[in-house]
Amino acid sequence: MSIERELKKRSQNKCELCSNEENLSPYQVLPAKNSDLQDNILACSTCITQIEDPEQTEPNHWRCLNDSMWSEHIPVQIIAWRMLSRLRSEGWPEDLLDMMYLEEDNLEWAKATGEGEDPEDKIVHRDSNGVIINAGDSVVLIKDLPVKGSSMVAKRGTAVRRVSLDHENAEYIEGKVDGQQIVIITKYVKKI
Ligand SMILES: [Zn+2]
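Residues numbered from 1 in each chain as written. Predicted model: local features only at pLDDT ≥ 70, side-chain atom pairs only at ≥ 80, totals over all residues. Heavy atoms only, no water.

Engineer: Teacher, can you tell me more about the overall build of the chain here?
Structural biologist: Within the chain one finds six helices and 10 strands. In summary, the chain has a C-alpha radius of gyration of 22 Å against a globular reference of 16 Å for 192 residues, an excess of more than 25%. Along the first, second and third principal axes, the C-alpha atoms of the chain reach 70 × 35 × 30 Å. Going through the 192 residues of the chain one by one, you find that 39% of them count as buried. When contacts within the chain are restricted to residue pairs at least 6 apart in sequence, those whose partners lie at least 24 apart make up 56%. Accessible surface, the chain: about 11,400 Å² in total, of which carbon and sulfur atoms supply 44%. (Helix = DSSP H or I, 4+ residues; strand = E, 2+ residues; numbered from the N terminus. Rg over C-alpha atoms; globule rule 2.2 N^0.38 Å. Buried < 20%, exposed > 50% of the residue type's maximum accessible area, 1.4 Å probe, protein only. Contact = heavy atoms within 4.5 Å. Areas by Shrake-Rupley, 256 points an atom, 1.4 Å probe, with all protein chains shown as cover.)

This is the structure we're talking about:
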């Protein structure tokens, strides 16, 4: 039997998260272990879209976890844990998380995607357009920037290659301009 058929049987043709009966497809819970029934869930397109894109997550949709977090199926529990962790600041998900119990190795699996880490631990650097900057990326200055502690001005349009990130502060990156290592404010750059 294909995974999809087995999942449909397991779930009685319903989204295992919100019970929706339409637009269902298998969704693999990453990082996958065996690529079988034990790391797949049957989910609707609404749930899948929101799982994959934190910016489209609508907290109220996930009230469905009130029920589905008690699923006997581990992959369903994993996704429930991750979504509750993502939404923790809403308050009610925190209460549900407190009631949830995952075996140690399952908890490790749930945490593998970094969902639910303290925001302070997860500093994300973004350029002026909100694009994520990673260490080693190149950026271009979109503004003339005076360089602190010198008379130098880093000109708008200057490309800065292989930047490094300030791990304490999401607003700062560092890179070399004219052979000099300078601190640059992320809102004045564009990733190239
Ligand atoms: Zn759903």
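So, next bit.
Engineer: In this structure, what is going on with the sheet that holds strand E7 (residues 164-165)? I would like to understand it.
Structural biologist: Overall, antiparallel pairing links the three strands, which are arranged E7-E8-E9 in an open sheet. If you trace the sheet from one side to the other, it starts and ends with E7 and strand E9 (180-185), each paired once. (Pairing = 2+ DSSP bridges.)

Engineer: Is there a simple way to think about the packing of helix H4 (residues 74-86) against helix H5 (residues 92-99) in this case?
Structural biologist: Geometry of a packed helix pair, given as the angle between the helix axes and the separation of the axes. Orientation of H4 relative to H5, taken along the N-to-C sense of each, is 145°, at an axis distance of 8 Å. Helix-helix and strand crossings are classified by hand; for H4 and H5 the assignment is left-handed. Two secondary-structure elements touch here, H4 through Trp81, Leu84 and Ser85 and H5 through Trp92, Pro93, Leu96 and Leu97. (Axes fitted to C-alpha atoms, helices over the stretch in contact; angles between N-to-C directions. Left-handed = near helix turned anticlockwise from the far one by under 90°.)

Engineer: Where do I start with the packing of aromatic side chains in this structure?
Structural biologist: Aromatic rings considered in pairs are described by the distance between their centres and by the relative angle of their planes. Evaluated as defined, the whole model comprises zero aromatic pairs. Over the ring of Tyr188 we find Lys143; its NZ or CZ atom is 4.7 Å from the centre of that ring. (Phe/Tyr/Trp six-rings, centres within 6.5 Å; stacked < 30°, edge-to-face > 60°. Lys NZ or Arg CZ within 6 Å of the ring centre and 35° of its normal.)

Engineer: It is not clear to me how the sheet that holds strand E10 (residues 189-191) should be interpreted in this structure. Could you clarify?
Structural biologist: Sheets are built from strands that pair by backbone hydrogen bonding, the pairs being arranged parallel or antiparallel. Taking strand neighbours across the sheet as the criterion, the three strands line up as E6-E3-E10 in an open arrangement whose pairing is antiparallel. Since the sheet does not close on itself, it has two edges, and those belong to strand E6 (159-160) and E10, each with one partner. As paired strands, strand E3 (residues 139-141) and E10 are joined by three bridges and run antiparallel to one another. If you follow Val139 over to E10, its bridge partner there is Lys191.

Engineer: Teacher, can you tell me more about the coordination of the zinc ion here?
Structural biologist: Ideal donor angles around a metal are set by the shape: a four-donor tetrahedron calls for 109.5 degrees, a six-donor octahedron for 90 or 180 degrees. Surrounding the zinc ion are the protein donor atoms Cys15 (SG), Cys18 (SG), Cys44 (SG) and Cys47 (SG), at 2.3 Å. Seen from the zinc ion, its four donor atoms lie at angles of 104 to 118°, and the figure they make is tetrahedral. Taken in chain order, the donor set of the zinc ion reads C-x2-C-x25-C-x2-C. One end of the pair, Cys18, is in the loop between helix H1 (3-11) and strand E1 (24-28); the other, Cys47, is in helix H2 (residues 45-52), and 29 residues separate them in sequence. Taking relative accessible area as the criterion, Cys47 reaches 0% and is therefore assigned buried. (Donors = N, O, S within 2.8 Å, 3.2 Å for Na, K, Ca; no water. Tetrahedral: all angles 85-135°; square planar, octahedral: opposite > 155°, others 65-115°.)

Engineer: Looking at this structure, I do not really get H1. What am I missing?
Structural biologist: Side chains three or four residues apart in an α-helix point the same way, a direct result of the helix having 3.6 residues per turn. Of all the residues in H1, the buried ones are Leu7, Arg10 and Ser11. An end-on view of H1 places all buried positions within 85° of arc, on one side of the element. The exposed set on the far side of H1, more than 90 degrees from its buried face, consists of Arg5 and Lys9. One or two steps after H1, the chain reaches Gln12, where phi turns positive at roughly 55°. (Arc of directions from axis to C-beta.)

Engineer: Explain the environment of Ser35 here, please?
Structural biologist: Mapped onto the fold, Ser35 is located in the loop between E1 and strand E2 (40-44). Since its relative accessible area comes to 46%, Ser35 is described here as partly exposed. Along the chain, Ser35 and Ile3 lie 32 residues apart, while their C-alpha atoms are 9.1 Å from each other. Among residues more than four places away in sequence, those in contact with Ser35 are Ile3, Gln28 and Asn40.

It is worth stressing that arrangement in space is one thing and function is another; only the former is reported here.
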